[in-house]
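One-letter residues, chain by chain:
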Amino acid sequence: MATTIDKVPLTPRKAIVLTGKHAVLIAASLIALFPLLLIVSTALKTSDDVMLNPFGLFSSFSMENLETAWNVGGFSNYVVNSLLLAVPSTLLVVVLSTTAGYAFARLPFPGRKIVFNLVVLGLLVPFFTYMIPLYFQMRGMGLLNSLVGVNLVLTSTGLAFGTFFMKAFFSDLPGELEEAARIDGASEWQIFARVMLPLVGSSMGALAVFTFLQNWNNFLVPLLYIPNGSFRPLTTGLYLFLGGRSVDIGPLAAGALITIVPVMVLFIALQRQVMQGFLSGAVKG
Amino acid sequence: MTQTLLTPASAAHTRAAGAGGRPRPFTAATRRNQARLGILLAAPLVVVMAVFFFFPLLNAVYYVFVDFRGVNANPPFVGLRNFTELAMDPNVWAAFSHNLVWIAIGTVAPLTLGLLLAVLVWSSGKWTGFYRVAFFIPYLLPHVVIGVVWAWIYDPSSGWFNELLKMVGLESLTTGWLGDPNTALLAVLGTAIWATTGFVFMILLAALQNVDIELVDASRIDGAGAAARLFYVILPQIMPVFLMVTTLTLVGGFSVFDIVFIMTGGGPDGASEVLGTYAYSRAFQLNRISYGTTLALTITAISVPIALFVNRLQGKLSNQNGSV
């Protein structure tokens, strides 16, 4: 990480400026993190404390909200459903984007450019544009409320970016590698599977983490295409909870906490991959 | 934090270094094998995209010219009537004006705040890892969770926002932020700004790693103040990336949906209705499928050319600068 501070001893004026900078940044961090603290604190308070003392942060400790959300609120099911929706679609995105990305980068075939441009169109057109016709199409195909259908929709929403992302990495690989393998008698498939694929492993990892987070957080797709709630994931489950007649804040906070724990864990553990995914998503998109 | 982040620049460098040799001319057999494997490897993607992206997209274009209400198998052809209805619908214009507010404030605020924070972190050098994590977390949270927690913060009686206002003596300003028609849109927008600033920050911070520090130091010695250094030395160097983020937030302002839908549903009484939520409610609550689709398609037709335009501008600039 490039640091930009010169190693000259600090003059008093510089020290004051630096302190001021950090004061602003710490205040901004507090604003950024406060809602998260509020979720954690509320989820871990006793339900009496939630009602009587809404402004107390970490003023009591109890697992009752988490237990209520998990056992009564249906969040144990929602977690399973979130996994059933996010994991297969993520795997599909990574596999299809990698194979297609390789083809678009290194295997010329007739019509390749047009097809690639059409795929990239998916980066420009928001999901929102075609979500309504897709609903009726899914209904016609009998894919509403089905795991297969919703997984395929989630997959399709990630493919444009995934292909773009993987193509960039395959294009970067030196052509000599391919040539050498070809001279050694490797088939085109072997060049892909044995020579090139192992070189983009970390990019595939970054894409997987990024896609998983997107699919785990996705709200609109399950909202629209699981109307009967048979495989309701955490996001729409939480929304349903929010729309309930009497909103019980404690268990709601617990549900929110259950929803974001995997996101936080992934982010902290795989920061580099997550940031790489999000940044290149923006920079290349 | 020990990991280093792959900045766009370092990615560009590895790419430049790696893409050295173009493959030599292939034999016909190699070319044939490549084409065969290429089609095979691209086919699954093409099939999924065709069924779940292109087909519904083409269907959307079809819906626009008929009056489909969800049940009629053969909807009547209505020509451009959906568009004329749209142009005459005062609710559409009200929603559109909310989108314009969203685009203006929702672009300027995160860009200003994100730039400010990025420059502060970049120039102070310490605890970069912590700030990066702290500022980026809001962007990673699912919108439902963001909506839930900010609904508490905005709560009229037990919300932190009013409590904070009381603490600083601004009790007269307290209100039920999401339930008050005067503040609902701005309150949701405030939440969105909170969520996106970290993203802008991250991208700009990555771009700042490529800024020529000697140029900044030289201008400091020449007596340029902090503001002058920012506007005349730093900002021009990261302009391509800055424009790119602008595109993203602009387009986001047109197609905003989730966060409004979750927090207010467009209410109270349409006070925070945006084009997205209006299209959704026409289509799925009133079964005006064609009408809702027309609206959604119109939003895209407006926003995509803007995105392409800024994108082209960005391309030109980055060619000039030769970096990023």
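Residue positions are counted from 1 within each chain, in the order its sequence is given. The naming scheme follows written order: chains are lettered A onward, ligands numbered 1 onward. This being a predicted model, a pLDDT of at least 70 is required before a residue's local features are given, and a value of 80 or more before pairs of side-chain atoms are given or counted; all residues contribute to the totals for chains, interfaces and linings.

### Focus: the domain arrangement of chain A
Residues and elements named next belong to chain A.
Argument step 1. In this document the domain limits rely on a domain assignment from an automatic tool or a database. Segmentation of chain A into domains returns domain 1 (12-66) and domain 2 (73-284).
Argument step 2. C-beta atoms are first placed from the backbone for all residues, and any pair lying within 7 Å is then listed as a contact. In this assembly, nine residues from domain 1 lie in contact with seven residues from domain 2.
Argument step 3. Note on conventions: DSSP H or I runs of at least 4 residues are helices, E runs of at least 2 residues are strands, and numbering of each starts at the N terminus. Secondary structure elements with two or more residues in the side of domain 1 that touches domain 2: helix H1 (12-43), helix H2 (47-52) and helix H3 (64-72).
Argument step 4. It is H1 that provides the largest number of residues to the side of domain 1 that touches domain 2, a total of four residues.
Argument step 5. Grouping the amino acids of the side of domain 1 that touches domain 2 by side-chain chemistry returns five nonpolar, three polar and one charged. In this classification, Asp, Glu, Lys and Arg are treated as charged, Ala, Val, Leu, Ile, Met, Phe, Trp, Tyr, Cys and Pro as nonpolar, and every other residue, Gly included, as polar.

### A short note on the packing of helix H4 (residues 75-106) of chain A against helix H10 (residues 201-217) of chain A
All names here are of chain A.
Argument step 1. Fitted lines through C-alpha atoms give the axes, limited to the stretch in contact for helices. The angle between two N-to-C directions lies from 0 to 180 degrees. Running from N to C, H4 and H10 point in directions that differ by 145 degrees, and their axes come no closer than 9 Å. Both H4 and H10 take part in a crossing whose hand is right-handed. Residues Ser82, Leu85, Ala86, Ser89, Thr90, Val93, Val94, Ser97 and Thr98 of H4 lie in contact with H10, whose contacting residues are Met204, Leu207, Ala208, Thr211, Phe212, Asn215 and Trp216.
Argument step 2. Counted by class, the contact of H4 with H10 contains nine nonpolar, seven polar and no charged residues. A crossing counts as left-handed when the near helix is turned anticlockwise from the far one by less than a right angle, and as right-handed when that turn is clockwise.

### Considerations on the environment of A:Arg13
Residue and element names in this part refer to chain A.
Argument step 1. One can find arginine 13 in helix H1.
Argument step 2. The exposure label follows from counting other C-beta atoms within 10 Å of a residue's C-beta, where the C-beta atoms are placed from the backbone and the thresholds are 20 or more for buried and 12 or fewer for exposed, leaving partly exposed in between. Judged by the 8 C-beta atoms lying within 10 Å of it, arginine 13 falls in the exposed class.
Argument step 3. Expressed as a C-alpha distance, the spacing of arginine 13 and valine 94, which sit 81 residues apart in the sequence, is 52 Å.

### With respect to the confidence of the model for chain B
Residues and elements named next belong to chain B.
Argument step 1. A score from 0 to 100, pLDDT tells how confident the predictor is in each residue. Scored by pLDDT, chain B comes out at a mean of 84, with 90% of its residues at no less than 70.
Argument step 2. For residues 1-21, every residue scores under 50 in pLDDT, and the model assigns this stretch 32 contacts once sequence neighbours within four places are set aside.
Argument step 3. Confidence metrics for the complex model read pTM 0.86 and ipTM 0.87.

### As for the confidence of the model for chain A
Argument step 1. Per-residue confidence for chain A averages 88 on the pLDDT scale, and 93% of its residues sit at or above 70.
Argument step 2. Element-level mean pLDDT values for chain A span from 68 in helix H14 (residues 271-284) of chain A up to 96 in H4(A).

### Describing the interface of chain A and chain B
Argument step 1. Taken together, the 85 residues of chain A in the interface contact 87 residues of chain B.
Argument step 2. No other element matches the 13 residues that H1(A) contributes to the side of chain A that touches chain B.
Argument step 3. Each residue belonging to the side of chain A that touches chain B can be placed in one class, and the counts come to 57 nonpolar, 19 polar and nine charged.

### Let's talk about the nonpolar core
Argument step 1. Nonpolar core, as used here: buried Ala, Val, Leu, Ile, Met, Phe, Trp, Tyr and Cys residues forming one set through C-beta atoms within 7 Å. In terms of nonpolar packing, the biggest core is built from 171 residues, with A:Ala256, B:Ala118, B:Ile203 and B:Leu204 touching the most fellow members.
Argument step 2. Per element, the largest residue contribution to this core is 19 residues, and it comes from helix H8 (residues 184-208) of chain B.
Argument step 3. Two domains each donate at least three residues to this core, and these are domain 1 (12-66) and domain 2 (73-284) of chain A.

### Things to note about the packing of H1(A) against helix H6 (residues 143-153) of chain B
Argument step 1. Between H1(A) and H6(B), the least distance of the axes is 10 Å, while the angle of their chain directions is 90 degrees. Relative to H6(B), H1(A) is oriented roughly perpendicular. In contact with A:Pro35, A:Leu38 and A:Ile39 of H1(A), H6(B) contributes B:Val149, B:Trp150, B:Trp152 and B:Ile153.
Argument step 2. Grouping the amino acids of the contact of H1(A) with H6(B) by side-chain chemistry returns seven nonpolar, no polar and no charged. Roughly parallel here means an angle under 35 degrees, roughly antiparallel means over 145, roughly perpendicular means 65 to 115, and every remaining angle is called oblique.

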